[in-house]
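Spelled out, the chains give:
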Amino acid sequence: MITEGALDLDSVSEASLRHKSRLNELSATEIAGRIAARDLTAEAVVGDCLARIAAREPEIHAFAHVDPELALRQARELDRGPIRGPLHGIPIGIKDVIDTADQPTQMGSPIYAGHRPACDAACVALLRAAGAVILGKTVTCEFAGMTAGPTANPHNPAHTPGGSSSGSAAAVADFMLPAALGTQTGGSVMRPAAYCGVIGYKPTFGAFNRAGLKFAAESLDTIGLMARSIDDIELITSILLGRNPGAPTPLGATPKIGLCRTPLWDTAEPETRYALEDAAARLAQAGAELREVVLPEDFAGLRAAARESINNYERSKSMAAEWTSHRDLISAKLRRCIELGTAMPYQDYLAAIRLGESCRARLPAVLEGFDLLLAPCVKGEAPAGLDSTGDPSFQAIWTILHVPTMSLPTHSGPRGLPVGIQLIARRHDDQRLFDWAQWVWERLRM
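Predicted model only: the values in this text are computed from it and were never measured.

Parameters at a glance
Residues numbered from 1 in each chain as written. Predicted model: local features only at pLDDT ≥ 70, side-chain atom pairs only at ≥ 80, totals over all residues. Heavy atoms only, no water. Helix = DSSP H or I, 4+ residues; strand = E, 2+ residues; numbered from the N terminus. Rg over C-alpha atoms; globule rule 2.2 N^0.38 Å. Contact = heavy atoms within 4.5 Å. Areas by Shrake-Rupley, 256 points an atom, 1.4 Å probe, with all protein chains shown as cover. Lys, Arg positive; Asp, Glu negative; His and termini not counted. Charge placed at Lys NZ, Arg CZ, Asp CG, Glu CD. Expected span 1.5 Å × (residues − 1). Bend = angle between axes of the 7 residues up to and from the residue. Buried < 20%, exposed > 50% of the residue type's maximum accessible area, 1.4 Å probe, protein only. Phe/Tyr/Trp six-rings, centres within 6.5 Å; stacked < 30°, edge-to-face > 60°. Core = buried A, V, L, I, M, F, W, Y, C linked by side-chain atoms within 4.5 Å. Axes fitted to C-alpha atoms, helices over the stretch in contact; angles between N-to-C directions. Parallel < 35°, antiparallel > 145°, perpendicular 65-115°, else oblique. Nonpolar A, V, L, I, M, F, W, Y, C, P; charged D, E, K, R; others polar. Right-handed = clockwise from strand over helix to strand, strands pointing away. Pairing = 2+ DSSP bridges.

**So, the overall build of the protein chain**
Next up, step 1: Assigned secondary structure in the protein chain consists of 15 helices and 11 strands.
Next up, step 2: In terms of C-alpha radius of gyration, the protein chain reaches 21 Å, essentially the compact-globule figure of 22 Å for 446 residues.
Next up, step 3: With respect to the principal axes defined by its C-alpha atoms, the protein chain has extents near 60 × 55 × 40 Å.
Next up, step 4: The long-range share in the protein chain, meaning contacts at least 24 apart out of those at least 6 apart in sequence, stands at 78%.
Next up, step 5: Accessible area for the protein chain stands at about 16200 Å²; split by element, carbon and sulfur atoms hold 52% of it.
Next up, step 6: Across the protein chain, the mean location of the 44 positive side-chain charges is 2 Å away from that of the 51 negative side-chain charges.

Pasting the structure below:
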């Protein structure tokens, strides 16, 4: 939804409306460099992004809220002053379960229609302090759950963009902005990124401060990023972690990669099978050392533990107030999830928590001798229709393991829609994931 019901084109520069400069197609890193060199203004970049939104939003529906005047005011203020930080002038979208003080946080639910938080979430405050322009709030599934919002896949609007970070993925893929925040409880960053053909990054659990995030399942929820380049992911990550960007990790000449089909391999569609096998073959040809990795047998239970047990149980507690006071405004799908969580015996929840802990403890031995794992990211292409956001199984097992993962849009399926692969590293080894992902991306990018 655009504020006041429509995007005010009068507030967007004439040059932007003609789409001649196409600054909306620049990466965040390029924007930052050119603004720092005074070769570009934040207002010009924001203007082109707003023009793209005006042209495409009626079909894609990526935004829950955009206020063009507010966005341009932020940009002009930045242009009048000194360089504020590494993100100076970069437009960023914020998933609408993350608080913003100057824009509503409505969580995809009528319960929070028009809700205005008193202050920014920690991650938003850090981005803003580094000079980012908070361009708008991107569509989320209801409370970052399973009930889809209106967003369509930019590659084919008859297909889902994935969920629950649907708006963030679609906006980045459609060049409405260079980067956006998402969140992942099961597969809500990796899957939309793969379906929409952008790079998705879920950091090590807890790496990004979650103050100001509406929790779905507190032991799983992770704030993540979507962008069109790994450099952009790394730049924004450096701000959220408070470290210098681009500090390289000492690496070998070529990576040691574990090919992990996971216990879900039999459910993969042919395009995902091809993407993984082709990626492995091409990386081996480029010099990578690849070996098969088979997860221990009980890792097969992680998907159900994450989705059916932990997610349902913890969501039923995190939404106690909404359930008590506004039950009639909660969708049927989410009501069922809360009902299952409420009825779940605590011992069943505890068993799922313990399985996650046990598997996390044994994962370092699985990863021994490897720089990263290569695994399927999604079951296949984005399914047709907008009622379902797709299967989270291939992402959920890594979410409960709390490891950093990255989705790269390296392949496409029979309908011409993107199909991503997934890279996984050890907990807290996110920088090594960035470095080797860059190596992989340079050899596989389409």
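And the narrative resumes.
**As for helix α13 (residues 346–367)**
Next up, step 1: For α13, spanning 22 residues, the distance from its first C-alpha to its last is 32 Å, which sits close to the expected 32 Å at 1.5 Å a residue.
Next up, step 2: Along α13, the largest kink reaches about 30° and is centred on Ala-361; proline Pro-364 follows within four residues of it.
Next up, step 3: Among all positions of α13, only Tyr-349, Leu-350, Ala-352, Ile-353, Gly-356, Cys-359, Arg-360, Leu-363, Val-366 and Leu-367 are buried.
Next up, step 4: Looking at the buried positions of α13, the neighbouring elements they touch are α10 (302–318), β9 (372–376) and α14 (393–400).
Next up, step 5: Of the residues trailing α13, Gly-369 is marked for its positive phi of about 90°.

**Focus on unusual backbone geometry**
Next up, step 1: Geometrically, the link from Gly-163 to Ser-164 is a cis peptide bond, its omega value of 5° lying close to zero.
Next up, step 2: Within the secondary structure, Ser-164 is located in the loop between β3 (133–138) and α6 (166–173).
Next up, step 3: With phi around 60°, Arg-38 is a residue other than glycine that occupies positive phi space.

**A few points about the packing of aromatic side chains**
Ring pairs (aromatic) are described by centroid distance and by the angle formed between their planes.
Next up, step 1: Enumeration over the complete set of coordinates arrives at seven aromatic pairs.
Next up, step 2: Ring geometry for Tyr-112 versus Phe-143: centroids 5.9 Å apart, planes at 80°, classification edge-to-face. Taken as a pair, Tyr-112 in the loop between β2 (91–95) and α5 (122–129) and Phe-143 in the loop between β3 and α6 lie far apart in primary sequence, 31 residues in all. Residues Tyr-112 and Phe-143 agree in their burial class; the two are buried.
Next up, step 3: When the centroid spacing of 6.0 Å and the interplanar angle of 45° are considered together, the rings of Tyr-346 and Tyr-349 count as tilted. Of this pair, Tyr-346 and Tyr-349 both sit in helix α13, three residues apart, which is roughly one turn of the helix.

**Comments concerning the nonpolar core**
Next up, step 1: Judged by nonpolar contacts, the single largest core of 110 residues is most densely connected at Leu-87, Ile-98, Leu-127, Leu-374, Met-406 and Leu-408.
Next up, step 2: Among the elements that make up this core, the one with the highest residue count is helix α15 (residues 430–444) (eight residues).
Next up, step 3: Not counting the four nearest positions on each side in its chain, Leu-87 is found in contact with Ile-92, Leu-127, Ala-130, Gly-131, Ala-132, Leu-235, Ile-236 and Ile-239.
Next up, step 4: Membership of the second largest hydrophobic core comes to 29 residues, among which are Met-344, Tyr-349, Leu-363 and Leu-367.

**Structural notes on the packing of α10 against α14**
Next up, step 1: Their axes nearest at 8 Å, the elements α10 and α14 cross at an angle of 85°. For the element pair α10 / α14, the angle class is roughly perpendicular. Residues Leu-302, Arg-303, Ala-305, Ala-306 and Ile-310 of α10 lie in contact with α14, whose contacting residues are Ser-393, Ala-396, Ile-397 and Ile-400.
Next up, step 2: For the contact of α10 with α14, the residue count by class is seven nonpolar, one polar and one charged.

**Details of the pairing of β2**
Next up, step 1: The element β2 is largely enclosed, with a buried count of five among its five residues.
Next up, step 2: Where burial is concerned, the two faces of β2 agree: the one with Pro-91, Gly-93 and Lys-95 and the one with Ile-92 and Ile-94 are both buried.
Next up, step 3: With α5 bridging β2 and its parallel neighbour β3, the resulting β-α-β unit is right-handed.
Next up, step 4: Bridge count between β2 and strand β4 (residues 179–184): three bridges; the pairing is parallel.

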